[in-house]
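Okay, here's what each chain looks like letter by letter:
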Amino acid sequence: MTLSLDYATLSDVGRVRRNNEDSAYAGPHLLLLADGMGGAAAGEVASAAAVQVIRRLDTADIGGEDMIEALAGAVHRANERLSELVEEDPEREGMGSTVTALMFDGRQLGLAHLGDSRAYRLRDGQLQQLSHDHTFVQSLVDEGRISQEEAFTHPHRNLILRVLDGRPDSDPDLQILDVRAGDRLMLCSDGLPDYVSDDVIAASMASGTPDSVVVDLITHALEAGSNDNVTCVVADVVETAPASGTQPQLVGAAAELAQGSTGRPEPTVAVRAGADGHGGGDGHGGSVDPEELRYAPRPPKRFPWPRRIAVLVVILGLIIGGAWFGYSWTQKQYYVGTDGDYVAIFKGVEADLPGLSLSKVYERQSLQVDKLPTYSREQVEGNIQADNLAGARSIVATLEQTAAQCAAKTKPTPTPTPKPTVKPSTTVPASKPPVKTPPKPSTAPVTTPTTTPSAPVDPDNCDGVR
């Protein structure tokens with residue numbers, strides 16, 4: 001079964017301010033509210049820009065889990081739009097807006113929330129807050145330091161911690177919510193819940209049409225002394241065709257700016273004190289617009305283009321300087337390795353970067369690698385690090401001494417072999433049989449030729465010498 005939304009929205013500038021910084025939108029598939037802030041820094045421009053970007057999600061083509069991705073993308077695009085507006089006019093630095101959006105696909109809701117505007121659902125007479133305030137006071141409640149009742153009257157209840165402001169850390173809360181026929185949904189700016197209790201809100205939402213409910217809620221806020229703009233969006237989930245039709249409704253700053261009101265905003269009644277130290281004409285006085293104080297804990301993070309370029313130049317200089325320092329350090333290092341068949345001293349470190357070699361042959365030695373024993377040869381082939389050039393030369397000298405000792409140990413010393421002495425034989429007459437006379441033994445011993453090393457070879461020290 002596919003459900004529909006029967007909706008209504010209304011915004012009131014309030015009894016104190018002269019300009020409305022709230023913007024709201026209601027359509028068949030999207031309920032949206034944005035509360036601009038920043039006082040003289042064009043809060044109404046921020047809320048109107050956010051609504052104009054996010055309202056494009058009012059379409060039947062997106063549903064299910066895809067609503068979450070669509071909402072996140074739309075909020076980020078709205079954030080980028082605020083950044084562009086600040087670039088166009090630096091006097092807008094500090095402006096921002098809350099965003100609370102409910103996307104509807106006929107079966108469930110997708111919620112995106114950033115700031116202290118709120119989303120509620122009334123089901124079976126029970127009022128439930130769907131959004132979570134991104135405020136200093138709410139953080140105290142979450143930590144258990146104050147109660148919800150104390151938060152309602154806390155002097156810093158409007159101090160906001162997260163908001164859509166053009167900075168890269170403006171990520172919204174996102175979730176999928178179930179919905180059923182008979183549910184009543186409501187979005188509102190903080191001008192309502194800061195002055196009207198949940199019990200009164202629930203009682204007002206319990207009966208009447210969406211049109212009558214938005215009027216009733218705003219009336220309660222004004223009668224309670226709200227000094228802020230008050231905006232509400234109310235929608236009933238119905239199984240029949242909605243009485244409101246499908247025509248989108250746009251109210252607040254977004255509607256005013258869309259009609260061509262693009263001049264500088266008028267100051268609110270609670271203006272800065274003049275030279276005489278008195279406040280505005282409302283009789284309350286006050287040195288700063290409370291809306292400007294909502295940004296108190298957020299230092300500016302944007303930079304005009306000249307400062308951005310200067311920062312990039314400094315960062316680039318640090319990177320280049322660090323790279324040059326690192327390269328200079330490598331060129332003061334030495335190690336002993338192999339250059340072809342010979343031992344060599346290298347300057348640099350054994351590492352290469354793409355397009356850059358960090359080492360080169362500094363001195364090629366006359367010592368052949370094959371003249372070294374296996375252990376020493378493996379050391380050289382794996383490179384022997386030295387503390388400095390003198391240390392590298394000392395390593396080479398030690399290797400040459402090792403090669404010389406091994407060469408001396410393995411050089412053979414031949415021993416001369418004496419020839420045996422034999423007496424010549426005597427010829428006897430043919431008539432007599434010859435008489436064999438055994439030769440006399442020689443006094444010199446007969447030996448077999450051998451090769452005797454001058455010193456025994458130590459296989460542990462000179463094994464592998466070629």
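Residues numbered from 1 in each chain as written. Predicted model: local features only at pLDDT ≥ 70, side-chain atom pairs only at ≥ 80, totals over all residues. Heavy atoms only, no water.

Looking at an unreviewed UniProt entry, one finds the protein chain named Protein phosphatase and attributed to Kribbella jejuensis.

1. Here's the deal with the pairing of strand β8 (residues 126-129)
Where strand β7 (residues 118-123) meets β8, four bridges bridge the pair, whose relative direction is antiparallel. Note on β8: the bridge partner recorded for Tyr120 is Gln129. Counted between consecutive antiparallel strands, the loop separating β7 from β8 contains two residues, among which Asp124 sits at a positive phi close to 55°. (Pairing = 2+ DSSP bridges. Helix = DSSP H or I, 4+ residues; strand = E, 2+ residues; numbered from the N terminus.)

2. Brief notes about a nonpolar patch on the surface
Among the surface-exposed residues, Val311, Leu312, Ile315 and Ile319 lie close enough to one another that they form a single nonpolar patch of about 370 Å² accessible area. Take Ile319: it is sitting in helix α9 (residues 305-330). (Patch = residues over 30% accessible without salt bridge, like charges linked within 9 Å, V, L, I, M, F, W, Y side chains within 5 Å. Areas by Shrake-Rupley, 256 points an atom, 1.4 Å probe, with all protein chains shown as cover. Salt bridge = Lys/Arg side-chain N within 4 Å of Asp/Glu carboxyl O.)

3. Quick word on the state of the cysteines
This model, assessed by the stated rule, comprises one disulfide. In this model, Cys406 is linked to Cys462 through a disulfide, with the two sulfur atoms separated by 2.1 Å. Taking the sign of the S-S torsion, -85° for the link of Cys406 and Cys462, the bridge is left-handed. Taken together, the positions of Cys406 in helix α11 (residues 389-410) and Cys462 in helix α12 (residues 459-462) put the pair 56 residues apart, joining distant regions of the chain. The class of Cys462 is buried, set by a relative accessible area of 6%. Here Cys188 is not disulfide-linked; the sulfur of Cys232 is the nearest cysteine sulfur, at 5.5 Å. Assessed through its relative accessible area of 0%, Cys232 is described here as buried. (Disulfide = S-S within 2.5 Å. Buried < 20%, exposed > 50% of the residue type's maximum accessible area, 1.4 Å probe, protein only.)

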